[in-house]
Amino acid sequence: MCKIWRLLFLCFIFVCEVAANSEGDALNALKTNLADPNNVLQSWDPTLVNPCTWFHVTCNSDNFVTRVDLGNADLSGQLVSQLGQLVNLQYLELYSNNISGRIPEELGNLTNLVSLDLYLNKLSGPIPVTLGKLQKLRFLRLNNNTLSGTIPMSLTTIKTLQVLDLSTNRLTGDTPVNGSFSLFTPISFFNNLLSNPPPAPPPPLTPSSPSPSNGNSATGPIAGGVAAGAALLFAAPAIALAYWRRRKPEDHFFDVPAEEDPEVHLGQLKRFSLRELQVASDNFSNKNILGRGGFGKVYKGRLADGSLVAVKRLKEERTQGGELQFQTEVEMISMAVHRNLLRLRGFCMTTTERLLVYPYMANGSVASCLRERSESQAPLNWPIRKRIALGSARGLAYLHDHCDPKIIHRDVKAANILLDEEFEAVVGDFGLAKLMDYKDTHVTTAVRGTIGHIAPEYLSTGKSSEKTDVFGYGVMLLELITGQRAFDLARLANDDDVMLLDWVKGLLKDKKLETLVDADLQGNYINDEVEQLIQVALLCTQSSPMERPKMSEVVRMLEGDGLAERWEEWQKEEIFRQEFNHFQHPNTNWIVDSSSHIPPDELSGPR
């Protein structure tokens with residue numbers, strides 16, 4: 001049965017990768033055409049068909065690219081026509097770079113596009129008429145380039161536009177005043193249309209008003225002077241703003257509506273303004289990215305009071321009218337207070353943004369310490385790894401047993417276990433799965449999680465429980481022990497399993513426990529303790545959710561209470577299953593070989 005699951009899962013991955021092939025080719029073409037001095041696109045590996053694993057690329061549950069975030073990345077070069085192949089793209093963010101050349105007409109093929117941000121570049125040529133086909137577009141920002149020509153009339157047919165900025169270009173001709181353009185003030189186009197400014201509407205004629213053709217030679221200059229003075233009076237703020245924008249392009253703040261007092265607190269939470277978080281993170285600069293995951297990117301920031309924070313910018317757009325529900329869910333998350341849970345410090349809501357503010361964790365995540373540490377950084381030693389295992393288990397047990405209603409994490413993995421200054425484990429991203437699905441009134445069937453950590457029943461039904469978290473926790477324990485990724489295609493090169501759980505089971509079957517342990521530990525660990533953690537991991541990753549322990553039971557086992565009995569019982573059941581299965585399927589292999597008579601408490605045999 002396990003082999004069938006594995007085969008189906010790999011087939012599923014293969015189909016998704018084939019579907020993403022053209023999108024990967026399109027993004028690779030963009031990478032080839034751009035200069036990248038800071039190696040922002042380093043993870044864009046053309047040998048990996050599926051671009052969903054690349055940094056700065058976001059995909060939906062069907063593995064189609066929905067977002068490309070490359071703002072403020074110091075990229076130069078030109079855009080490519082292949083971008084038009086990303087037909088599921090909703091957000092294209094390439095602002096504040098040095099990209100030159102023309103805007104490809106093929107962008108008009110991106111009919112699902114919600115936001116097109118190309119401002120603060122060196123783009124030239126006309127605005128493509130084809131952009132008028134983007135009938136879902138809400139944000140179009142092409143300001144601070146060197147675009148020329150007229151504004152296409154096709155843009156006025158986009159009824160969904162909320163933010164439009166074409167200022168500080170070299171556009172000519174009249175400003176359209178029909179359709180969606182009637183919603184925007186002239187400041188959106190200021191400094192573009194100086195050669196032919198939009199005509200002012202004539203004053204209403206009254207019986208006493210002279211006809212334009214019968215202008216009086218005396219009153220004409222006076223009226224003209226008054227009109228010019230009034231125009232100058234009203235234009236002065238616009239001129240000053242345009243001049244300030246040109247002098248300080250790095251301090252642009254777009255779509256910052258009037259908000260409540262940023263100092264307002266909701267219970268334990270502070271409501272931050274978007275401007276405050278933009279300043280703290282240097283306008284969400286790529287250089288401040290701490291990590292990214294299924295819910296969005298996390299940026300390092302420094303608030304006005306000097307404190308460091310981690311700002312999670314949720315990537316899914318908000319639904320209209322969901323503010324109260326979002327705020328309710330955020331407050332629910334903030335009520336989960338435990339030393340092994342990441343404390344939510346505050347949040348921010350605007351018409352386009354949802355952000356969560358957390359304390360900054362100095363030592364990053366378990367995943368980064370295991371696999372992304374610098375040469376000067378010491379590896380996690382064995383006592384710290386044991387403490388991480390226990391602390392994260394306590395945090396999850398609190399979510400399951402002490403929160404009302406209980407909180408199911410749904411994405412337990414090493415990347416979501418953070419480490420404070422003392423390397424104490426802190427579970428992060430809890431509650432976000434429910435938060436991101438708050439618009440659903442039924443049990444969600446959208447699987448959220450990470451390949452290699454997803455429990456089989458969750459993958460097949462889309463319904464999660466606390467036992468799905470237990471499965472993810474078991475895989476996280478194996479990450480702690482081995483230092484390996486839960487899903488790694490590189491293992492195929494050695495004819496090994498791409499799934500960490502299968503790889504571990506294979507080595508245990510061959511009695512190679514010593515090869516499991518992370519080489520970074522250099523043998524500085526206690527064999528019995530490693531075996532005990534592996535036992536807990538295998539109990540947590542049983543295929544049947546009913547047979548997995550609760551997280552509270554896991555805590556007790558890690559504290560030395562009940563593991564031996566639970567493991568012995570499981571071993572007996574496995575031997576019985578093996579013998580029964582061997583009777584029906586003689587070629588089936590199991591972890592435990594009954595003919596070898598390995599004692600229940602011994603995993604690896606003699607070493």
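Everything below is about the structure printed above this text.
Conventions and cut-offs
- Residues numbered from 1 in each chain as written.
- Predicted model: local features only at pLDDT ≥ 70, side-chain atom pairs only at ≥ 80, totals over all residues.
- Heavy atoms only, no water.
- Helix = DSSP H or I, 4+ residues; strand = E, 2+ residues; numbered from the N terminus.
- Contact = heavy atoms within 4.5 Å.
- Buried < 20%, exposed > 50% of the residue type's maximum accessible area, 1.4 Å probe, protein only.
- Pairing = 2+ DSSP bridges.
- Axes fitted to C-alpha atoms, helices over the stretch in contact; angles between N-to-C directions.
- Expected span 1.5 Å × (residues − 1).
- Phe/Tyr/Trp six-rings, centres within 6.5 Å; stacked < 30°, edge-to-face > 60°.
- Lys NZ or Arg CZ within 6 Å of the ring centre and 35° of its normal.

### A word on the environment of M551
The topology assignment puts M551 in helix 13 (residues 551–558). As a C-alpha pair, M551 and E466 span 85 residues in sequence and 8.2 Å in three-dimensional space. In this view, M551 contacts A393, L396, A397, H400, V470 and Y473; residues no more than four positions away in its chain are not counted.

### Structural notes on the pairing of strand 3 (residues 65–69)
Across the five residues of strand 3, five count as buried, placing the element largely inside the fold. Examined bridge by bridge, strand 3 and strand 5 (residues 91–93) share three bridges and lie parallel to one another. Within strand 5, the residue paired with V68 across the bridge is L92.

### Overview of the sheet that holds strand 5
With respect to topology, six strands assemble into an open sheet ordered 2-3-5-7-9-11, the strand pairing being mixed. If you trace the sheet from one side to the other, it starts and ends with strand 2 (57–59) and strand 11 (163–165), each paired once. Neighbour-to-neighbour, the strand axes of the sheet open up by a mean angle of 15°, direction not taken into account. Across three bridges, strand 7 (residues 115–117) lies against strand 9 (residues 139–141) in parallel orientation. Paired with S115 across the strands is F139, a residue of strand 9.

### What about the pairing of strand 10 (residues 146–149)?
Of the pairings in the sheet, the one linking strand 8 (residues 122–125) to strand 10 comprises two bridges and is parallel in character. Each bridged residue has a counterpart across the sheet, and for G125 the counterpart in strand 10 is L147. Where strand 10 meets strand 12 (residues 170–171), two bridges bridge the pair, whose relative direction is parallel. In the strand pairing of strand 12, S148 is matched with R170.

### Observations concerning the sheet that holds strand 8
Neighbouring strands of a sheet are bound in pairs by backbone hydrogen bonds; such pairs are parallel or else antiparallel. Taking strand neighbours across the sheet as the criterion, the six strands line up as 1-4-6-8-10-12 in an open arrangement whose pairing is mixed. Because the sheet does not close on itself, it has two edges, and the strands there are strand 1 (34–35) and strand 12.

### As for helix 7 (residues 382–401)
Each α-helix turn comprises 3.6 residues. Residues three or four places apart therefore point the same way. Taking 1.5 Å of rise per residue, the 20 residues of helix 7 would be expected to cover 28 Å, and the 29 Å separating its terminal C-alpha atoms lies within 8% of that figure. Summarising burial for helix 7: 15 of the 20 residues are buried, a large majority.

### Here we look at the packing of aromatic side chains
All told, the structure shown has three aromatic pairs when counted by the stated rule. Between the aromatic rings of Y95 and Y119, the centroid separation amounts to 5.0 Å while the plane-to-plane angle is 10°, which identifies the pairing as stacked. With Y95 in the loop between strand 5 and strand 6 (98–101) and Y119 in the loop between strand 7 and strand 8, this pair connects stretches of sequence that are 24 residues apart. On the basis of relative accessible area, Y95 is assigned to the buried category, the value being 7%. In this structure, R67 is placed above the aromatic ring of Y91, and the distance from its NZ or CZ to the ring centre is 4.2 Å. Above the face of the F284 ring, R313 is positioned so that its terminal group lies 4.2 Å from the ring centre.

Just geometry here; none of it tells us what the structure is for.
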